[in-house]
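Chains, contacts and geometry: an overview
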Amino acid sequence: MVSVTQQGDDILFTVQGLHKVWAFKSSLTIPRAHIAGARQDAAAARDLSGIRALGTAVPWVIKAGTFYLNSQTGLKPTFVDVVHPEQTVVIDLHDEDYQQLIIEVEDPAAVLALLEQPQ
């Protein structure tokens, strides 16, 4: 699971608990201006086939880390941290190392409201 908070003009994505170990990452800081869009999308969390670059993948249990997904175009990877698809938020990025974040959050509606606030 990932917590999402705002720090000035940046959005901080903090990987929680043992997910830090599974994802090989503890946090990501993304400038709000680099977020192209966000949506709640359980289907995206169920279609995570591709190549694991660094992380953990246990079918039907957890996917966490950096992945090159078959469903993605482009050369940039996607950061994934999902156990419960129904709690998944997909965040599209530009001008970042990742092209997308597919993350499980405690309250998807609150995260979407935070990300949709004007700059």
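For the structure itself, look to the data block above.
Presented here is a report on the structure given in the accompanying data block. Values in this document were obtained by computation on a predicted structure and should not be read as measured data.

**Some details on the packing of aromatic side chains**
Aromatic ring pairs are reported here in terms of the distance separating the ring centres and the angle at which the planes meet. Scanning all chains against the criterion turns up one aromatic pair. Aromatic side chains Phe79 and Tyr98 sit 5.8 Å apart centroid to centroid with 65 degrees between the ring planes, which places their arrangement in the edge-to-face category. In this pair, Phe79 sits in strand β7 (residues 78-82) while Tyr98 sits in the loop between β8 (88-93) and β9 (100-104), placing the two residues 19 residues apart along the sequence. With respect to class, Phe79 is no different from Tyr98; both count as buried.

**Comments concerning the sheet that holds strand β6 (residues 62-69)**
An order of β4-β8-β9-β7-β6-β5 is seen for the six strands of this open sheet, with the pairing classed as mixed. The open sheet has two edge strands, β4 (35-40) and β5 (50-58), and neither has a second partner. The mean angle between the axes of side-by-side strands here comes to 10 degrees, regardless of whether they run parallel or antiparallel. The strands touched by helix α3 (residues 108-116) within the sheet are β4 and β8, with β4 carrying the most contacts at an inclination of about 160 degrees.

**Description of the pattern of salt bridges**
Applying the stated criterion across every chain, the model contains two salt bridges. In this structure, Arg39 engages Asp41 in a salt bridge whose closest nitrogen and oxygen atoms are separated by 3.5 Å. Where Arg39 meets Asp92, a salt bridge forms, and the shortest distance between an N and an O atom there is 2.9 Å. With a gap of 53 residues between them, Arg39 in strand β4 and Asp92 in strand β8 connect regions that are remote in the sequence. Looking at Arg39, the relative accessible area reads 33%, which means it is partly exposed. Judged by relative accessible area, Asp92 falls into the partly exposed class, the value being 23%.

**Regarding the sheet that holds strand β3 (residues 27-31)**
Pairing in this open sheet of three strands is antiparallel, and the strands run β1-β2-β3 from one edge to the other. Edge positions in the open sheet fall to β1 (2-7) and β3, since each of these has one partner strand only. Mean inter-strand twist for the sheet, computed between neighbouring axes without regard to direction, equals 20 degrees. In this sheet, β3 lies alongside strand β2 (residues 10-15) in antiparallel orientation, the contact comprising five bridges.

**Brief notes about α3**
The complete set of buried residues in α3 reads Pro108, Val111, Leu112, Leu114 and Leu115. The arc enclosing the buried residues of α3, seen along the axis, measures out at 160 degrees, which places them on a common side. Pointing more than 90 degrees away from the buried face of α3 are the exposed residues Ala109 and Glu116. Where α3 is buried, its residues meet β1, β2, β4 and β8.

Rules used throughout
Sequence order as written defines residue numbering, which begins from 1 separately in each chain. Two thresholds apply to this predicted model, a pLDDT of at least 70 for residue-level local features and 80 or more for giving and counting side-chain atom pairs, whereas whole-chain, interface and lining totals are computed over all residues. No hydrogens and no water enter the side-chain calculation; it runs on all heavy atoms of the structure. The criterion for an aromatic pair is that two Phe, Tyr or Trp rings (for Trp, the six-membered ring) have centres within 6.5 Å, with stacked assigned to planes under 30 degrees apart, edge-to-face to planes over 60 apart and tilted to the rest. A helix here means a DSSP run of H or I that spans at least four residues, while a strand means a run of E at least two residues long, and both kinds are numbered starting from the N terminus. Buried means the residue's accessible area, taken with a 1.4 Å probe over protein chains only, is under 20% of the maximum for its type, while exposed means over 50%, and partly exposed covers the values in between. Strand pairing follows a simple DSSP-based rule, namely that at least 2 bridges must link the two strands. Orientation is described by axes fitted as lines to C-alpha atoms, over the contacting stretch for helices, and by angles from 0 to 180 degrees between their N-to-C directions. Note on contacts: a residue pair is in contact if any heavy atoms of the two residues lie within 4.5 Å. A pair is scored as a salt bridge if a Lys or Arg side-chain nitrogen falls within 4 Å of a carboxyl oxygen belonging to Asp or Glu. Throughout, the arc means that of the directions going from the helix axis to the C-beta atoms.

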